[in-house]
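Tertiary structure, described
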Amino acid sequence: MRIRVVGGQPLNGTFTPSGNPNAAKALLAAALLTDQPVTLRRVPRNTSTQYLLDAAEQLGASLAWQGTSTLDIHTEALTRRTLDESLVSGAVGALLFLAPLIIRREVIRIEVDFPLNRIRTHLDALRDLGLGVVVTHGAVEIVSARWDSKDIILNSPSVTATAIAMMLAAVLGGRTVIYNAACEPHISDLAAMLNNMGASITGAGSNRVQIIGAETLRGTDETISYDHIEIASVAAIVALSGGRVQMMPEDDHTLPDLRNITRTFAHFGLNIDADSNVLLVPRHERFDVASREEELDAQIETSPYPGFPSDLITIAALIATQANGTSLLHERLFKDRLLFVDTLKDMGANIILADPHRAIVVGATPLRGTYIATPDPRFGLGILGAALIAHGESVIDNAERFDYTFDRILPGLQALGAQIHEIQA
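For the structure given in this document, a descriptive report is provided here.

So, on to the packing of helix 10 (residues 313–321) against helix 12 (residues 382–389). One can describe the packing of helix 10 onto helix 12 by two numbers: an axis separation of 8 Å at closest approach and a directional angle of 25°. By the angle class used here, helix 10 and helix 12 are roughly parallel. Pair helix 10 / helix 12 crosses with right-handed handedness. From helix 10, T314, I315 and L318 reach across to helix 12, where they touch G382, G385, A386 and I389. Here the contact of helix 10 with helix 12 is composed, by residue class, of four nonpolar, three polar and no charged.

Okay, structure coming up:
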């Protein structure tokens, strides 16, 4: 899909955020742990989640939609023992299905087309839990096992490894403690779901999680939390456009904790008023890098949750181009996220890429519209945001890639006044 974006238009109104796609994937895998019906609400309809929905059906799950975002899941039996390359290569998140496969089929196989070092933390966690793990010629065979008590330490705070270990412990373990666990909001969502299914989990959201397992898990009805990355991205783009926006949760649900994100944005003079009940972005006249005697420049570092998320580093770079002052961005987790700054430089930004992990941004600089061939899903909404605040028009090819992570984001921004038009072939 090719789109034309007319920049420089203030965005205003009310925005309804979508469900957290990472939470949706974890909860979908957990739904396959039981043969009883499970309902998931606020399921995002994005491409990466759809990969896992397709994979779940291939494994034997029956899926039925109620409306646009409520999904009924019933898995009487898992019909396969193998996660083959066709399932894993489309989305590495498919590794979450290891847990239900191990629990319900006992002996399983993974076939991968990438170096096994990428899942070393996952495999070591399985071994530490007492499962049999054998690596043979690009495949991994795993044999289930039960245990009374286990304490394990993850090599790194991997979200996927934490989720897999929690799901396994919820059924196969007596008492299990996971140290160096991931703290992301979707881990808390998963813990809440497993508790409602019959397990007993404490400590989710911290780096020490304890699980008391159950013999079997029952069905449940769960609502996925809001996507904090989408909320923060849209809030920043609206502010940079010169507009204002309000976001409120539906029913009795709450918005995610954005304190560290809003504090980071405030270093650039972008202020967001947010709590669990409402988020307000006021109209900004200008943006200024915070200046302190001991810290003349804004210095932003990404780190595992609850630190500033890597998924927002491109949005931080975009904000920095519009803030008066000098900023240092340090992407500590991934080496390729800052390649996004090349597009910003083409649009007029003053940025020095010191190395793959650090960029110096001198602002404020006006951005001008440009042609963008293929937006990278790893860059989130940074490129789209740049086009929306630039002077003139931008043309973006392969714009469907924005749907890889986000749920119907283009119509959502159009409802705020974004001039985004599909170009017919």
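Looking at the secondary structure, you find C183 in the loop between strand 11 (173–179) and helix 7 (185–197). Considering only alpha carbons, one finds C183 and G219, 36 residues apart in sequence, at a separation of 25 Å. Ignoring anything within four residues of it in the chain, the contact list for C183 reads G205, S206, N207 and Y305.

Nonpolar side chains collect at one region of the surface, where I352, I360 and V362 lie side by side and expose about 220 Å² of accessible area between them. For I360, the location among the structural elements is in strand 21 (residues 358–363).

End to end, helix 8 (residues 228–241) covers 20 Å across 14 residues, agreeing with the expected 20 Å (1.5 Å per residue, within 8%). Here helix 8 lies mainly inside the structure; 14 of its 14 residues are buried. The backbone nitrogen of I229 lies 3.0 Å from a side-chain oxygen of the residue at the head of helix 8, namely D227. One or two positions beyond helix 8, positive phi appears at G242, with a value near 90°.

Here we come to the packing of helix 1 (residues 21–31) against helix 2 (residues 47–59). At a minimum axis distance of 9 Å, the contact between helix 1 and helix 2 shows a crossing angle of 10°. Considering the angle they form, helix 1 stands roughly parallel to helix 2. Contacts between helix 1 and helix 2 involve P21, A24, K25 and L28 on the former and, on the latter, S48, T49, L52, L53 and A56. Counted by class, the contact of helix 1 with helix 2 contains six nonpolar, two polar and one charged residues.

Time to look at helix 9 (residues 259–266). Since the α-helix turns once every 3.6 residues, residues separated by three or four places project in the same direction. Here helix 9 has its buried residues at I261, T262, T264 and F265. Looking straight down helix 9, one finds its buried side chains confined to an arc of 160°; they lie on one side. The exposed set on the far side of helix 9, more than 90 degrees from its buried face, consists of R259 and R263. The elements touched by buried residues of helix 9 are helix 8, strand 18 (298–301) and helix 10.

About the criteria used
Going along each chain's sequence as written, the residues are numbered from 1 onward. With pLDDT at 70 or above as the cut-off, local features in this predicted model cover only qualifying residues; side-chain atom pairs require 80 or more to be listed or tallied, and sums for whole chains, interfaces and linings still use all residues. Side-chain metrics in this entry use all non-hydrogen atoms of the structure; hydrogen atoms and water are not considered. Between N-to-C directions, angles span 0 to 180 degrees; the directions come from axes that are lines fitted to C-alpha atoms, helices contributing only their stretch in contact. By definition, any uninterrupted DSSP run of H or I lasting at least four residues is a helix, any uninterrupted run of E lasting at least two residues is a strand, and each is numbered from the N terminus. We call two directions roughly parallel when the angle between them is under 35 degrees, roughly antiparallel when it is over 145, roughly perpendicular when it lies between 65 and 115, and oblique otherwise. Each crossing gets its handedness from the near helix: less than a right angle anticlockwise from the far helix is left-handed, clockwise is right-handed. Any two residues whose heavy atoms approach within 4.5 Å are treated as being in contact. Three categories are distinguished: nonpolar for Ala, Val, Leu, Ile, Met, Phe, Trp, Tyr, Cys and Pro, charged for Asp, Glu, Lys and Arg, and polar for the others, with Gly belonging to the last. Exposure above 30% relative accessible area and the absence of a salt bridge qualify a residue for a patch, where like charges join within 9 Å and nonpolar side chains (Val, Leu, Ile, Met, Phe, Trp, Tyr) within 5 Å. Residue-level accessible areas treat just the shown protein chains as cover; the underlying method is Shrake-Rupley with a 1.4 Å probe. Any carboxyl oxygen of Asp or Glu within 4 Å of a side-chain nitrogen of Lys or Arg constitutes a salt bridge here. Residue count minus one, scaled by 1.5 Å, sets the expected span of a helix. Three exposure classes are used, based on accessible area relative to the maximum for each residue type with a 1.4 Å probe and protein chains only: buried under 20%, partly exposed in between, and exposed over 50%. Polar contacts here mean pairs of N or O atoms no more than 3.5 Å apart (in protein, one a potential hydrogen donor and the other a potential acceptor; neighbouring residues in sequence count only if both atoms are side-chain atoms). Directions pointing from the helix axis toward each C-beta atom define the arc.

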